[in-house]
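# Structure assessment
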Amino acid sequence: FIGSFLRFYHLDFNSLWHNEAFTLFTANNSLSGIWDIVTNNLAELAGITPTGEFSPPFFYYIEHFMLVFGQSEFILRFIPALLGTLTIPVFYYIGKEFADEDVGIVMAALISFSPFHVYYSQEARGYTTMLFLLSVAFFFFLVSLRTNRMYSWMAFGFFCGLTLWTHYYAFIPIALLLTYALFWGISRTREGLTQPFRFILSFITFLIIVLPLIPVAINLFIKRTGVPSLSTKGPEVAYRIFNALSGNHRSMIVFFCILFIIGIFFLWRTDKTKTILITGLLVIPI
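Keep in mind it's a predicted model, so treat the numbers as computed, not measured.

Rules of the game
Residues numbered from 1 in each chain as written. Predicted model: local features only at pLDDT ≥ 70, side-chain atom pairs only at ≥ 80, totals over all residues. Heavy atoms only, no water. Helix = DSSP H or I, 4+ residues; strand = E, 2+ residues; numbered from the N terminus. Buried < 20%, exposed > 50% of the residue type's maximum accessible area, 1.4 Å probe, protein only. Axes fitted to C-alpha atoms, helices over the stretch in contact; angles between N-to-C directions. Parallel < 35°, antiparallel > 145°, perpendicular 65-115°, else oblique. Contact = heavy atoms within 4.5 Å. Nonpolar A, V, L, I, M, F, W, Y, C, P; charged D, E, K, R; others polar. Salt bridge = Lys/Arg side-chain N within 4 Å of Asp/Glu carboxyl O. Patch = residues over 30% accessible without salt bridge, like charges linked within 9 Å, V, L, I, M, F, W, Y side chains within 5 Å. Areas by Shrake-Rupley, 256 points an atom, 1.4 Å probe, with all protein chains shown as cover. Core = buried A, V, L, I, M, F, W, Y, C linked by side-chain atoms within 4.5 Å. pLDDT = per-residue confidence, 0-100. Polar contact = N/O pair within 3.5 Å; in protein donor to acceptor, adjacent residues only side chain to side chain. Expected span 1.5 Å × (residues − 1). Arc of directions from axis to C-beta. Phe/Tyr/Trp six-rings, centres within 6.5 Å; stacked < 30°, edge-to-face > 60°. Lys NZ or Arg CZ within 6 Å of the ring centre and 35° of its normal.

### Some words on unusual backbone geometry
In the Ramachandran plot, His 10 falls in the positive-phi region, its phi being about 55° despite a non-glycine side chain. Tracing the backbone shows His 10 in the loop between helix 1 (2-8) and helix 2 (18-27). In this structure, Asn 148 takes a positive phi of about 55° despite not being glycine. A relative accessible area of 7% places Asn 148 in the buried class.

Laid out in structure tokens, this is it:
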């Protein structure tokens, strides 16, 4: 309830800024028109940027149907706020599945009061949608590692696919999870696990869902990398990530890094495979 209040409070207080206005512009098109925009096939966008839009269409499709209820700031930001709120219980179940209920409660509390997450839950962009879908995928991933059930592997692949339809950069954590699943399956095969190849269902489900996006993504990455970058590079990127996550409080960066190191130390003593998983998911993308 507190997390929901923080995300919906004054949801329409600020007017739309540039990127949110672009969300409104894109969502106002037909479904095929939205596809033309995100694949850089719309002539009107040629003068805006060398690469046009760089996000997949799923979030815009959702917003397209939301416009039935109006075009106010509240309507445009409703889905990000709602999915931002729903991420809280998903984090709880991730923590409970990963370790125990106490860890789930701590995770839910951290995401509830995260200034970073509250901020993006009140923006008409697809970031909280991506995090919600990726979190659900990660939950089914953990369930699959424990149970090796067919439906959980397929659900993991399905939500990974939807995540990539929301943001292309989600490919980084998705690729790490799929790689981990591959090595998990190989190791369990050597141990004589019954039906060890069920994890392949996640790969198949994922590929089926993202197949239309693959040529589009490759084309956009070629265009994007062919344009001189004006953004920050190198270690400064990692610093800015931690600074933003901490609400621009450097002391919080140090505090959480210390907690992370302590947590990894104790986790290594109890479960080395989960330690490798979590460390990789945090360190490699950054």
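### Here's the deal with the packing of helix 14 (residues 250-270) against helix 15 (residues 272-283)
The contact between helix 14 and helix 15 brings their axes to 6 Å, and the two run at 150°. As far as their axial angle goes, helix 15 and helix 14 are roughly antiparallel. Taking contact as the criterion, the partners of Phe 260, Ile 264, Leu 267, Trp 268 and Thr 270 in helix 14 are, on helix 15, Lys 272, Lys 274, Thr 275, Ile 276, Thr 279 and Leu 282. The residue inventory of the contact of helix 14 with helix 15, partitioned by class, reads 6 nonpolar, 3 polar and 2 charged.

### Comments concerning the pattern of salt bridges
All chains considered together, the criterion is met by 3 salt bridges. Residues Arg 146 and Glu 97 are paired through a salt bridge, measuring 2.5 Å at the closest nitrogen-oxygen approach. Remark: Glu 97 occurs in helix 5 (residues 73-98) and Arg 146 occurs in helix 8 (residues 127-147); sequence separation between them is 49 residues. A residue is classified by how much of its surface remains accessible, and Arg 146, at 57% relative accessible area, is exposed. The partner of Arg 240 in a salt bridge is Glu 236, with the nearest N and O atoms 3.2 Å apart. One end of the pair, Arg 240, and the other, Glu 236, are both in helix 13 (residues 235-245), 4 residues apart, so they sit about a helical turn from each other.

### Thoughts on a nonpolar patch on the surface
On the surface, a nonpolar cluster with roughly 530 Å² of combined accessible area is contributed by Val 106, Leu 110, Met 252, Phe 255, Phe 256 and Leu 259. Per element, the largest residue contribution to the nonpolar patch is 4 residues, and it comes from helix 14. Structurally, Met 252 can be placed in helix 14.

### Describing the nonpolar core
Of all hydrophobic cores here, the largest spans 45 residues; its most connected members are Phe 138, Phe 141, Trp 153, Phe 156 and Ile 174. When residues of this core are traced back to their parent elements, those giving at least two are helix 5, helix 8, helix 9 (150-164), helix 10 (171-190), helix 11 (200-210), helix 12 (213-225) and helix 15. Among all residues touching Ile 174, those that are not within four sequence positions of it are Leu 134, Cys 160, Thr 163, Leu 164 and Phe 206. In terms of nonpolar packing, the next biggest core, distinct from the first, is built from 7 residues, Phe 22, Val 38, Phe 59 and Tyr 60 among them.

### Regarding the confidence of the model for the protein
Of all residues in the protein, 91% attain a pLDDT of 70 or more, and the chain-wide mean is 88. No element of the protein has a lower mean pLDDT than helix 13, which averages 80, and none a higher one than helix 5, which averages 97.

### A closer look at the side chain of Ser 135
Its place among the elements puts Ser 135 in helix 8. Among the residues examined, Ser 135 registers a relative accessible area of 4% and is labelled buried. In this structure the side chain of Ser 135 is engaged in a polar contact, spanning 2.6 Å, whose partner is the backbone oxygen of Leu 131. If sequence neighbours within four positions are ignored, Ser 135 has contacts with Thr 87, Val 90, Phe 91 and Ile 94.

### A closer look at helix 6 (residues 101-112)
In a regular helix each residue adds 1.5 Å, so 12 residues correspond to 16 Å; helix 6 covers 16 Å between its end C-alpha atoms and thus fits that length. Among all positions in helix 6, only Gly 104, Ala 108, Ile 111 and Ser 112 are buried. Around the axis of helix 6, the buried residues are gathered within 105° of arc, so they sit on the same side. Of the surrounding elements, those touching the buried residues of helix 6 are helix 1, helix 5, helix 7 (115-121) and helix 8. The N-capping residue of helix 6, defined by a side-chain oxygen 3.1 Å from the backbone nitrogen of Asp 102, is Asp 100.

### Re the packing of aromatic side chains
This structure, assessed with the given rule, holds 26 aromatic pairs. Judged by centre distance (5.5 Å) and plane angle (65°), the ring pair of Phe 139 and Phe 140 falls under edge-to-face. Residue Phe 140 is classed as buried on the basis of its relative accessible area of 18%. Ring geometry for Phe 141 against Tyr 180: centres 5.8 Å apart, planes inclined by 65°, an arrangement best described as edge-to-face. Remark: Tyr 180 occurs in helix 10 and Phe 141 occurs in helix 8; sequence separation between them is 39 residues. Among the aromatic residues, those joined into a ring-pair cluster are Phe 138, Phe 141, Trp 153, Phe 156, Tyr 180, Trp 184, Phe 199 and Phe 203. We note Lys 274 situated over the ring of Phe 98; from NZ or CZ to the ring centre the distance is 4.9 Å.

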